[in-house]
Amino acid sequence: MKFFEKPGADVAERVPPGQHLAKGFPVLTYGDTPQISTADWQFTVSGLATPKTFSWQDFMDMPQSEFTADFHCVTTWSKLDVKWRGVKVTDFLKAIDIDSKAAHVMEHCYGGYTTNLALEDFAREENFFAHTLFGEPLPAEHGGPMRTVVPHLYAWKSAKWINGLELLEDMELGFWERNGYHRRGEPFAEERYSDR
Ligand SMILES: Nc1nc2c(c(=O)[nH]1)N[C@H]1C(S)=C(S)[C@@H](COP(=O)(O)O)O[C@H]1N2
Ligand SMILES: [Mo]
């Protein structure tokens, strides 16, 4: 009989260097928590793409998927096996028309937070627009009604209260990236702080 689903060694391998496992699911927000209803929520595509605005219903009409991912905050806590539901970034991207010159994105949020990614890092199969956390509507403090989840990078790239995507030719820096954090933020390489 198997008493433990995952032996300790397996888990240890999934915790990046310098990280420890959090109890519960901590909330990490700079500033106030925006309160946005799904009726008011809007999402705008700008920059090097055909401008387009999406409603909550537009997102609900896209294919919905479940996913489980590990979550790593640069302040050194990690949470394994977080269960989300939402729209895959790759499915969303089929609904927009991106200029071939675009190579970077800026995620924009209610409240003014921004974070930048290479288009290549944003367009990965395991990235999501998430609206459900452990089977419940995503709570406001965790970014509800909608956030992105980018599991392969530190969680500051997983923008809460997302309301827009800006397509860029050249990299621009988001909020934490301008304030000393790394441009990319890969946790297993410990890309915590700016290298410039
Ligand atoms: N809009 C917005 N998104 C954000 C943040 C924020 O302050 N504002 N914090 C980031 C950081 S540093 C982390 S670790 C995660 C935390 O997500 P959680 O509060 O759901 O744990 O959200 C990220 N996304
Ligand atoms: Mo974080």
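Residues numbered from 1 in each chain as written. Chains lettered and ligands numbered in written order. Predicted model: local features only at pLDDT ≥ 70, side-chain atom pairs only at ≥ 80, totals over all residues. Heavy atoms only, no water.

Within an unreviewed UniProt entry, the label attached to the chain reads Sulfite oxidase-like oxidoreductase, and the organism entered is Leptolyngbya foveolarum.

Digging into the pairing of strand β11 (residues 162-168)
Let me state the cut-off plainly: Here's how the labels work: a residue is buried when its accessible area is under 20% of the maximum for its type, exposed when over 50%, partly exposed in between, all with a 1.4 Å probe on protein chains only. The way it works is that DSSP assigns letters per residue, a run of H or I at least four long becomes a helix, a run of E at least two long becomes a strand, and they are numbered from the N terminus. In this analysis, strands are considered paired if DSSP registers two or more bridges between them.
Most of β11 is tucked away, with six of its seven residues classed as buried. In terms of strand pairing, strand β2 (residues 42-47) meets β11 through four bridges, oriented parallel. Residue pairing in the sheet places S46 in a bridge with E166 of β11. Examined bridge by bridge, strand β6 (residues 104-109) and β11 share six bridges and lie antiparallel to one another. When the sheet's bridge partners are listed, M106 is paired in β11 with E166.

What to know about the environment of H131
Inclusion rule: Contacts were defined at the residue level, with two residues in contact if any of their heavy atoms lie within 4.5 Å. Polar contact criterion, stated in full: a pair of N or O atoms within 3.5 Å, where within protein one must be able to donate a hydrogen and the other to accept it, and residues adjacent in sequence count only if both atoms are side-chain atoms.
Following the sequence through the fold, H131 ends up in strand β8 (residues 128-133). Through-space distance from the C-alpha of H131 to that of W84 is 7.5 Å; in sequence the pair is 47 residues apart. Ignoring sequence-local partners within four residues, the contact set of H131 consists of W56, M60, Q64, R85, G86, E136, P137, L138, P145 and M146. One polar contact links H131 to Q64, side chain to side chain, over a distance of 2.7 Å.

A word on the site of ligand 1
This is how the line gets drawn: Note on terminology: near, applied to a residue and a molecule or strand, indicates that one of the residue's heavy atoms is within 4 Å of it. Areas reported as accessible are Shrake-Rupley estimates using a 1.4 Å probe. Residue values count occlusion only from the protein chains shown. When residues are grouped by polarity, Ala, Val, Leu, Ile, Met, Phe, Trp, Tyr, Cys and Pro land in nonpolar, Asp, Glu, Lys and Arg in charged, and all others, Gly among them, in polar.
Around ligand 1 there are 20 residues in total, and P26, Y30, H142, R147 and K160 lie nearest to it. Within the side chain of H142, an N or O atom sits 2.6 Å from an oxygen atom of ligand 1. Between an oxygen atom of ligand 1 and a side-chain N or O atom of R147, the distance comes to 2.7 Å. About the coverage of ligand 1: the protein hides 98% of its 530 Å² of free accessible area. In the shell around ligand 1, the residues fall into 14 nonpolar, three polar and three charged.

Comments concerning the packing of aromatic side chains
Put simply, the test is: In this analysis, rings of Phe, Tyr and Trp, with Trp reduced to its six-membered ring, are considered paired at centre separations within 6.5 Å, and the interplanar angle assigns stacked below 30 degrees, edge-to-face beyond 60, and tilted for intermediate values.
Going through the model one piece at a time under the given rule, you end up with 28 aromatic pairs. Measuring from centroid to centroid gives 4.8 Å for F175 and W176, while their planes differ by 65°, and the two rings are edge-to-face. We classify F175 as buried; its relative accessible area is 17%. Chaining the aromatic ring pairs together yields one cluster made of Y30, Y113, Y154, W156, F175, W176, Y181 and Y193.

Describing the sheet that holds β6
Formally: Lines fitted to C-alpha atoms define the axes, with helix axes restricted to the stretch in contact, and inter-axis angles between N-to-C directions lie between 0 and 180 degrees.
The five strands are arranged β3-β2-β11-β6-β7 in an open sheet whose pairing can be described as mixed. At either margin of the open sheet sits one strand with a lone partner, and together these are β3 (52-55) and β7 (114-118). When strand polarity is set aside, the average angle formed by the axes of neighbouring strands in this sheet is 20°.

Quick word on the environment of G18
By secondary structure assignment, the location of G18 is in the loop between α1 (8-14) and β1 (20-21). Along the backbone, G18 and E190 are 172 residues apart, and their C-alpha atoms lie at a distance of 7.9 Å. Not counting chain neighbours up to four residues away, the residues in contact with G18 comprise T76, E190 and R192.

Section: the UniProt feature "domain: Oxidoreductase molybdopterin-binding" (unreviewed entry) in the chain
What counts here: UniProt positions are given in the numbering used here, feature names are shortened, and annotations may be inferred rather than shown by experiment.
Taking the UniProt record as the reference, the feature "domain: Oxidoreductase molybdopterin-binding" (unreviewed entry) is found at residues 31-176. With 11% helix and 40% strand, residues 31-176 has end C-alpha atoms that lie 13 Å from one another.

Quick word on the nonpolar core
Short version of the rule: Put simply, a nonpolar core is a bunch of buried Ala, Val, Leu, Ile, Met, Phe, Trp, Tyr and Cys residues held in one set by side-chain atoms that sit within 4.5 Å of each other.
F43, F59, F92 and F129 are the most contacted members of the largest nonpolar core, which has 35 residues in total. If you list the elements that add at least two residues to this core, you get β2, α2 (56-60), α3 (89-93), β6, α4 (119-122) and β11. Ranked by size, the runner-up nonpolar core spans 15 residues in total, among them F71, W77, F128 and A155.

Concerning the pattern of salt bridges
Note the cut-off: By definition, a salt bridge exists where a carboxyl oxygen of Asp or Glu is found within 4 Å of a side-chain nitrogen of Lys or Arg.
Summed over all chains, the structure comprises nine salt bridges. In this structure, the salt-bridge partner of R14 is D70, at a minimum N-O distance of 2.8 Å. With R14 in helix α1 and D70 in strand β4 (residues 65-72), the pair connects residues that are 56 residues apart, well separated along the chain. Assessed through its relative accessible area of 16%, D70 is described here as buried. We note a salt bridge from R184 to D121, for which the minimum N-O separation is 2.7 Å. Note that R184 is positioned in the segment after α5 (175-178) and D121 in helix α4, a separation of 63 residues in sequence.

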